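Tertiary structure, described
Spelled out, the chains give:
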Amino acid sequence: VISRQYIHFIHIPKCGGTTMTIILRQMQCVRDPLKNADCCTNPGFCDWHAFRRCEAIKGCTNHMPNRPAIFKPMASITLMRDPLARILSAFFYRGHSPNLDFFQVRPYFKDIADGKLPKVTFEEYMDMHEYHNIITRMLGADSFPYRNITVTDEVINHLLTTNTVWF
């Protein structure tokens, strides 16, 4: 059981994070139902638009890693997944591929969803830089997962300092 008041959650897309936020919200609700009333309201996974929030969980409603919080005195939690299983899941799941892009990764992806351009194949998806190394970019560059950031030696070094805190 996590004894600190706040939890820092890094939601890596397609790694079970939505389900994890259900558990974390329940934990925070049980811990202090008065202080964490927003965690107890409208049970379910963290979702800003559905008013399922929890201020006691930093990163509850988004995919922003908030890297500096890893080094603060609160529990930092994430879930990871086999990279091939994660990328396959992302490609076929709504919102995490160019065929139905919820994150406006590239402006023309909207035309794919609207049927104005052909759907992207898995092979084409695998060539799109924005979908490469998302965990490295999230933890090493404190970046939204699908932002077009080049993985440099500096990003790798930042990632390595993060890992020494976690493991």
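Residues numbered from 1 in each chain as written. Predicted model: local features only at pLDDT ≥ 70, side-chain atom pairs only at ≥ 80, totals over all residues. Heavy atoms only, no water.

Thoughts on the sheet that holds strand 2 (residues 57-58)
Rules: By this definition, two strands are paired if DSSP reports at least two bridges between them. Numbering of helices and strands runs from the N terminus, with a helix taken as a DSSP run of H or I at least four residues long and a strand as a DSSP run of E at least two residues long. In this description, contact between two residues means that some pair of their heavy atoms is separated by no more than 4.5 Å. Axis definition: a line fitted to C-alpha atoms, over the contacting stretch in the case of helices. Angles run 0 to 180 degrees between N-to-C directions.
Pairing is parallel across the open sheet formed by three strands, whose spatial order is 2-1-3. The open sheet has two edge strands with one neighbour each: strand 2 and strand 3 (75-78). Two elements, strand 1 (residues 7-10) and strand 3, share four bridges in a ladder whose sense is parallel. Among the inter-strand pairings, Phe-9 is bridged to a residue of strand 3, identified as Ile-77. Each of strand 1, strand 2 and strand 3 touches helix 1 (residues 17-31); the most contacted strand, strand 1, lies at about 170 degrees to it.

A look at the layout of surface pockets
The cut-off we apply is this: In the cavity and pocket records, a cavity denotes points on a 1 Å grid over the protein atoms alone where a 1.4 Å probe fits but cannot get out, a pocket denotes an open set with protein on both sides within 12 Å along at least 5 of 7 lines, and lining residues are residues with an atom within 4 Å of a point. Grid points are joined across faces, edges and corners, and a volume is the space filled by probe spheres set on the points. Throughout this entry, Asp, Glu, Lys and Arg are counted as charged residues, while Ala, Val, Leu, Ile, Met, Phe, Trp, Tyr, Cys and Pro are counted as nonpolar. The remaining residues, Gly among them, count as polar.
A volume near 700 Å³ is recorded for the largest pocket. If you go around the largest pocket, you meet 27 residues; those closest to its centre are His-11, Thr-18, Phe-45, His-63 and His-96. The element best represented in the lining of the largest pocket is helix 1, accounting for four residues. Broken down by class, the residue content of the lining of the largest pocket amounts to 11 nonpolar, 12 polar and four charged. The calculated volume of the second largest pocket comes to roughly 250 Å³. Forming the walls of the second largest pocket are 13 residues, and the residues nearest its centre are Pro-83, Arg-86, Tyr-131, Asn-133 and Ile-134. At the level of elements, helix 3 (83-92), helix 5 (122-126) and helix 6 (134-141) are the ones that each hand at least two residues to the lining of the second largest pocket. Class assignment for the residues of the lining of the second largest pocket results in eight nonpolar, three polar and two charged.

Looking at the pairing of strand 1
In regular strands, side chains alternate between the two faces of the sheet. Our working definition: To sort residues, take the accessible area from a 1.4 Å probe on protein chains only and compare it with the maximum for the residue type: under 20% means buried, over 50% means exposed, and anything in between is partly exposed.
Covered by surrounding structure in strand 1 are Ile-7 and Phe-9 together with His-8 and Ile-10, the residues of both alternating faces. Judged from the two bridges that link them, strand 1 and strand 2 form a sheet pairing that is parallel. Following the sheet pairing, Ile-7 is matched in strand 2 by Ile-57.

Some thoughts on the state of the cysteines
Rules: Note that a disulfide, as used here, is simply two cysteine sulfur atoms within 2.5 Å.
Throughout the structure, instances matching the rule amount to three disulfides. Each sulfur of the disulfide joining Cys-39 and Cys-54 lies 1.8 Å from the other. The disulfide joining Cys-39 to Cys-54 has a torsion of about 70 degrees about its S-S bond and is therefore right-handed. With Cys-39 in helix 2 (residues 37-40) and Cys-54 in the loop between helix 2 and strand 2, this pair connects stretches of sequence that are 15 residues apart.

Points about the side chain of Asn-99
This is how the line gets drawn: Within 3.5 Å is the distance limit for a polar contact, defined as a pair of N or O atoms, with the added protein rule that one can donate a hydrogen and the other accept it, and that residues adjacent in sequence qualify only through two side-chain atoms.
With respect to the secondary-structure elements, Asn-99 resides in the loop between strand 4 (96-97) and strand 5 (100-101). Within the structure, the side chain of Asn-99 is placed 2.6 Å from the backbone nitrogen of Val-120, a separation counted as a polar contact. Not counting the four nearest positions on each side in its chain, Asn-99 is found in contact with Phe-91, Ile-112, Ala-113, Lys-119 and Val-120.

Thoughts on the confidence of the model for the protein chain
Counted only if it meets this: Residue-level confidence of the predictor is summarised by pLDDT, bounded by 0 at the bottom and 100 at the top.
Looking at the protein chain as a whole, the pLDDT averages 90, with 95% of positions reaching at least 70. Of all secondary-structure elements in the protein chain, the lowest mean pLDDT belongs to helix 7 (residues 153-166), at 82, while helix 5 reaches the highest, 96.

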